[in-house]
Amino acid sequence: MSAPDLERVAVTGKDLAGYEVNPEPARAAASHRKVDPASCGPIPMAMALNSPYPATARIARLFSAKDHSPGVSMSLSSFSAEDGKRVVDAVRTAAKECRTFYDAFTDFQYSSVEVRPDPGYGDESVSLRFIQILPAVGKEVAPVKVPQAVVVVRKGTAVLMFHSFNNPSRRKGPAGVPDAVVKGQMKKLGDLGKSG
């Protein structure tokens, strides 16, 4: 699929009640973030809506919740059939093997990586949670822990990445990607569940 093809199947605010949907910048090039250990790289890449494999086309959207609950960032990418499967597998493998890692691009440490139950979207999907650790600044006496959530879905040669986080000063508990956002996008792609 080309970028115009992706634009045609991307969900809009008219398709998804409760959210404003706006375009975000996106590049189809592969990510080359420096992560320690390197095997954990697909996790922060997915958080940034990218992967270690180049897409043939990619667009991105920002979902802003009208009720002021956490927003969601999404990328919708087209890959070769082989690379599309590799993208999801890379995130799944990294999430299973990594518990903590350091991302040199953001200069942040991450911890508590947890693979969640398979949400069952598309042809295959993976869901994970983790914590971003922000250094203490100003009057803060301890690092700030920011809950993060990522869901990656493959439908044919299309790969969708969703990222959400909780501002700990406003919302307690783990982060999550709302099911309504993912299903709204999958519906526009013509799929609400697993097709194998």
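Look up: the structure comes first, before these words.
Below or above, wherever it landed, is the structure these notes cover. These numbers come from a predicted model, not from an experiment.

### Some words on helix α3 (residues 81–97)
- With 17 residues, α3 extends 25 Å between its outermost C-alpha atoms, agreeing within 8% with the 24 Å of an ideal straight helix rising 1.5 Å per residue.
- Buried-residue contacts for α3 involve α2 (42–47), β6 (108–115), β7 (124–134), β8 (144–155) and β9 (158–165).

### Quick notes on unusual backbone geometry
- With omega at 0°, the peptide bond leading from Asp 36 into Pro 37 counts as cis.
- Locating Pro 37 in the fold gives a position in the loop between β2 (35–36) and α2.
- In this model, His 68 sits at a positive phi of 70°, which is unusual for a non-glycine residue.
- By secondary structure assignment, the location of His 68 is in the loop between β3 (57–65) and β4 (72–78).

### Examining the state of the cysteines
- Scanning the model with the defined rule gives 1 disulfide in all.
- With its sulfur 2.0 Å from that of its partner, Cys 40 forms a disulfide with Cys 98. Judged by the sign of its S-S torsion, about -105°, the cystine formed by Cys 40 and Cys 98 is left-handed. Residue Cys 40 is found in the loop between β2 and α2, and its partner Cys 98 is found in the loop between α3 and β5 (101–103); the two are separated by 58 residues along the sequence. The residues Cys 40 and Cys 98 share a single accessibility class, namely buried.

### A word on the pairing of β4
- The buried fraction of β4 is high, at 6 of 7 residues.
- The pairing of β3 with β4 spans 7 bridges and is classified as antiparallel. Within β4, the residue paired with Leu 62 across the bridge is Ser 73.
- What sits between the antiparallel neighbours β3 and β4 is a turn of 6 residues, in which His 68 has the positive phi angle 70°.
- By the bridge criterion, 6 bridges tie β4 to β9 in an arrangement that is antiparallel.

### Some words on the sheet that holds β2
- A sheet is described by the order of its strands in space; here 9 strands give the open sequence β1-β3-β4-β9-β8-β7-β6-β5-β2, paired in antiparallel fashion. Looking at the sheet topology across the chains shown, the edges are occupied by β1 (19–24) and β2.
- Of the strand pairs in this sheet, β7 and β8 are connected by 11 bridges, and their pairing is antiparallel. What sits directly across from Glu 124, in β8, is Arg 154.
- Helix-sheet contacts for α3 involve β6, β7, β8 and β9, and the interaxial angle to β7 is about 50°.
- The strands that helix α4 (residues 179–189) touches are β1, β3, β4, β8 and β9; relative to β9, the one it contacts most, it runs at about 160°.

### Here's the deal with the nonpolar core
- Within the largest apolar cluster, 26 residues are counted, with the highest numbers of intra-cluster contacts made by Phe 63, Leu 76, Val 153, Leu 160 and Phe 162.
- Counting only elements with at least two residues in this core, the list comes to β1, β3, β4, β8, β9 and α4.
- Dropping the residues within four chain positions of it, Phe 162 is found in contact with Val 72, Ser 73, Met 74, Ala 149, Val 150, Val 151, Val 153, Val 177, Val 181, Val 182 and Gln 185.
- By size, the runner-up hydrophobic cluster in this structure holds 24 residues, among which are Val 35, Ile 43, Phe 130 and Val 159.

Criteria and cut-off values
Residues numbered from 1 in each chain as written. Predicted model: local features only at pLDDT ≥ 70, side-chain atom pairs only at ≥ 80, totals over all residues. Heavy atoms only, no water. Helix = DSSP H or I, 4+ residues; strand = E, 2+ residues; numbered from the N terminus. Expected span 1.5 Å × (residues − 1). Contact = heavy atoms within 4.5 Å. Disulfide = S-S within 2.5 Å. Buried < 20%, exposed > 50% of the residue type's maximum accessible area, 1.4 Å probe, protein only. Pairing = 2+ DSSP bridges. Axes fitted to C-alpha atoms, helices over the stretch in contact; angles between N-to-C directions. Core = buried A, V, L, I, M, F, W, Y, C linked by side-chain atoms within 4.5 Å.

Coordinates in, geometry out; function isn't part of it.
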